[in-house]
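Observations on the model geometry
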Amino acid sequence: MPKSILIKDTTKEEREEIVRRSLDCGGGCENCSSCWLGGGSPWKMFEDYIEGKKEIAEINREYRASLQR
């Protein structure tokens, strides 16, 4: 895994791996609250990061802000 998770420092394949490892998502939802908190699929939630459009920090900020409304 790369030391930096920033888009400028990673390839699409590395970003997919970063998301996969960080969510440890093997298809089960035992430890993931994304769906029932309104985030939907974790893969959909972080799609913009994987595609190089938004940093993870930005996605997380937007998600937290949506929960505070």
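In this text the structure is predicted, and so the values were computed from the model without any measurement.

1. Structural notes on the overall build of the protein
- A tally of regular secondary structure across the protein gives four helices and zero strands.
- The helix and strand sequence of the protein, counted from the amino end, reads α-α-α-α.
- Within the span of the protein, comprising 69 residues, buried residues form 22% of the whole.
- For the protein, the proportion of contacts with a sequence separation of at least 24, taken over those separated by at least 6, is 48%.
- When the accessible surface of the protein is totalled, it reaches about 5000 Å², and 50% of it is carbon and sulfur.

2. Topic: the nonpolar core
- In terms of nonpolar packing, the biggest core is built from ten residues, these being Ile7, Ile18, Val19, Met45, Phe46, Tyr49, Ile50, Ile56, Ile59 and Tyr63.
- In terms of residues, this core owes the most to one element, helix 4 (residues 56-68), which gives three residues.

3. Some remarks on the confidence of the model for the protein
- Per-residue confidence for the protein gives a mean pLDDT of 81, with 71% of residues at or over 70.
- Mean pLDDT in the protein bottoms out at helix 2 (residues 42-45), which sits at 82, and peaks at helix 3 (residues 47-50), which reaches 96.

4. Things to note about the environment of Met45
- On the secondary structure map, Met45 appears in helix 2.
- A relative accessible area of 18% means that Met45 is categorised as buried.
- Through-space distance from the C-alpha of Met45 to that of Tyr63 is 8.9 Å; in sequence the pair is 18 residues apart.

Reading guide: rules and limits
Residues numbered from 1 in each chain as written. Predicted model: local features only at pLDDT ≥ 70, side-chain atom pairs only at ≥ 80, totals over all residues. Heavy atoms only, no water. Helix = DSSP H or I, 4+ residues; strand = E, 2+ residues; numbered from the N terminus. Buried < 20%, exposed > 50% of the residue type's maximum accessible area, 1.4 Å probe, protein only. Contact = heavy atoms within 4.5 Å. Areas by Shrake-Rupley, 256 points an atom, 1.4 Å probe, with all protein chains shown as cover. Core = buried A, V, L, I, M, F, W, Y, C linked by side-chain atoms within 4.5 Å. pLDDT = per-residue confidence, 0-100.

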